[in-house]
Amino acid sequence: YGAERVLLTLMDALRPRGVDCELASIGLPGEPEKPLETEAASMGLPTRRISMKVGVDCSAARHLIGVAATDRFDLLHTHGYKANILVGGVPRSRRSLPVVATLHGWTAGRTLGKMRLYETAERFALRQADRVVAVSQKMVDVWSLARRYRGRLEVIPNGIAVPESDDESGKLPPEVERFVQAGPTIAAVGRLSREKGFDVLLDALARVRSDGVPARLVIAGEGDERSALEQQARHLGLTDSIMLPGYIQSMGQRLNQFAFLCMPSRTEGLPIVMLEALLSGIPVVATSVGEVPAVLERCQGGRAVPPDDAESLAVAISEALLRPADDPSRARATAAARERYSAGSMAAAYLKAYGEVAGTA
C-alpha cells in the first residue's frame, strides 16, 4: 500500500546515491513473512525482522536502536505510528542515533478508538525526533505541524518510480483482466477501511448505473470492511458490476488498463496510487482531502469533489467515462507528475535531510 510503497521506492532510489539502507520490518512474534518483506526481497533490499508484541513493546524498540548502533548505522528513519512512537519517541539522551520520522497522515479524525489513541501518542512522540517530515503542505496547515515541531519540520512530497514499459509484470490477474475487458471499468485501490470511502463509491456507482451508464468497478485491496462492502453491493444490485479481488501486487503498473482511478477517501495525505495513476496516463476522480486537490490542480489530471457526497461523485464519474481515451490532457498531466513527484526528487530531498541531521547529531 501507499506508505510502504514510498518506503521501498525511497530505499531503491537512495542506493545509486551511495546510501546503504536496511529495512527493519516490525512484525508480531511468529508472524509469517509480510508482503512488505516479500517485495523488499524481490527488489534486492536488505531486510531484517524486528519482533514486537502487540501494544507498547519498549524492550523491542530498545533492541532495534541497539542493533542499529552496533551495526554502525548513521541514523534511523521511521515510518508509521508504531515506529514513530516506540523508536522516534525515545528521548535523544537515551539513544545514540538521530531519528528522521516521516508522518504519512492521521486517519482517525474525531472518531474515538484505538487508532485515535495511537495517533495522539504519535503527535507527542514526534517531539523527540531530530527531523519530522510531512508528505504534504496540507498536513502542515491542517494539523498545525509548524507550531508543534517548529524548526525540526520539513515537507517532502512522496515520489514514485516512473513506470516501466509494458511487459508481463504489468498484466492483471486473468479473472480481473476478463472483468475489465467486459466494459468501461473504474479502478479503486486501498485498504478496505472506512477512511477510504469505498461505501460512498458504491452508492455513487449505483446512481451512475441507474442513469444507464454501464460502469464497472474493481476495488483492489483487503481489510476489515470487506464483508460490509459485499453486503452493500448486494443491497444495491451491484454484484455483477463490481469485483473485490483482494490485494493485487504492483497494482500501480496495471492502472493504464482502466478507464480512470477513483479515490473516494474521507482522509488522505499525499496518496501514492494517485501519482501512479497520473504517471500511467489515466485521469483521477477523487475527494478534496489532504493534498489531493492541489496535486490534481497542478497536474490538471482530474477532478476533486467533496468527501461523503455520493451524488457529486456520481456526476464526476459519469463525466470521466465520457472523456475520450486519447484526450491530450492526459499526456500533459503525466509530464507534470513526472516533473514534480519522481522518486529521484524525493530521494534527493531526504538525502539532504539525512546529512543535516547526521551532521549536527
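Residues numbered from 1 in each chain as written. Predicted model: local features only at pLDDT ≥ 70, side-chain atom pairs only at ≥ 80, totals over all residues. Heavy atoms only, no water.

Chemist: I tried to follow the packing of helix H9 (residues 198-210) against helix H13 (residues 310-322) on my own but got confused; where do I start?
Modeler: The description of two packed helices rests on the angle between their axes and on the distance between the axes. In contact at an axis separation of 8 Å, H9 and H13 are set at 60° when each is read in the N-to-C sense. Classified by the angle between their axes, H9 and H13 sit oblique to one another. Seen along the crossing, H9 lies across H13 with a hand that is right-handed. Contacts between H9 and H13 involve Val200, Leu201, Asp203, Ala204, Arg207 and Val208 from the former and Ala310, Glu311, Leu313, Ala314, Ile317 and Ser318 from the latter. (Axes fitted to C-alpha atoms, helices over the stretch in contact; angles between N-to-C directions. Helix = DSSP H or I, 4+ residues; strand = E, 2+ residues; numbered from the N terminus. Parallel < 35°, antiparallel > 145°, perpendicular 65-115°, else oblique. Left-handed = near helix turned anticlockwise from the far one by under 90°. Contact = heavy atoms within 4.5 Å.)

Chemist: I tried to follow the packing of aromatic side chains on my own but got confused; where do I start?
Modeler: Two numbers describe a pair of aromatic rings. These are the distance of the centres and the angle of the planes. Summed over the entire model, instances satisfying the criterion amount to two aromatic pairs. Taking 4.8 Å as the distance between ring centres and 15° as the angle between the ring planes, the aromatic pair formed by Tyr81 and Tyr118 counts as stacked. Of this pair, Tyr81 sits in helix H4 (residues 81-86) while Tyr118 sits in helix H5 (residues 114-125), and the two are 37 residues apart along the sequence. Look at Tyr350 and Tyr354: their rings are 6.1 Å apart centre to centre, the planes differ by 35°, and that puts the pair in the tilted class. Of this pair, Tyr350 and Tyr354 both sit in helix H15 (residues 343-360), four residues apart, which is roughly one turn of the helix. (Phe/Tyr/Trp six-rings, centres within 6.5 Å; stacked < 30°, edge-to-face > 60°.)

Chemist: Help me understand the sheet that holds strand S3 (residues 76-79) in this model?
Modeler: By way of backbone hydrogen bonds, the strands of a sheet pair with one another, either parallel or antiparallel. Taken together, the four strands give an open sheet; going across it, the order is S3-S4-S5-S6, and neighbouring strands pair in parallel fashion. Looking along the sheet, the strands with just one partner apiece sit at the ends: S3 and strand S6 (153-155). For this sheet, the mean angle separating the axes of adjacent strands, direction not counted, is 25°. Looking at chain direction, strand S5 (residues 131-134) and S6 are connected through three bridges and run parallel. Within S6, the residue paired with Val132 across the bridge is Leu153. (Pairing = 2+ DSSP bridges.)

Spatial relationships are all this shows, so hold off on functional conclusions.
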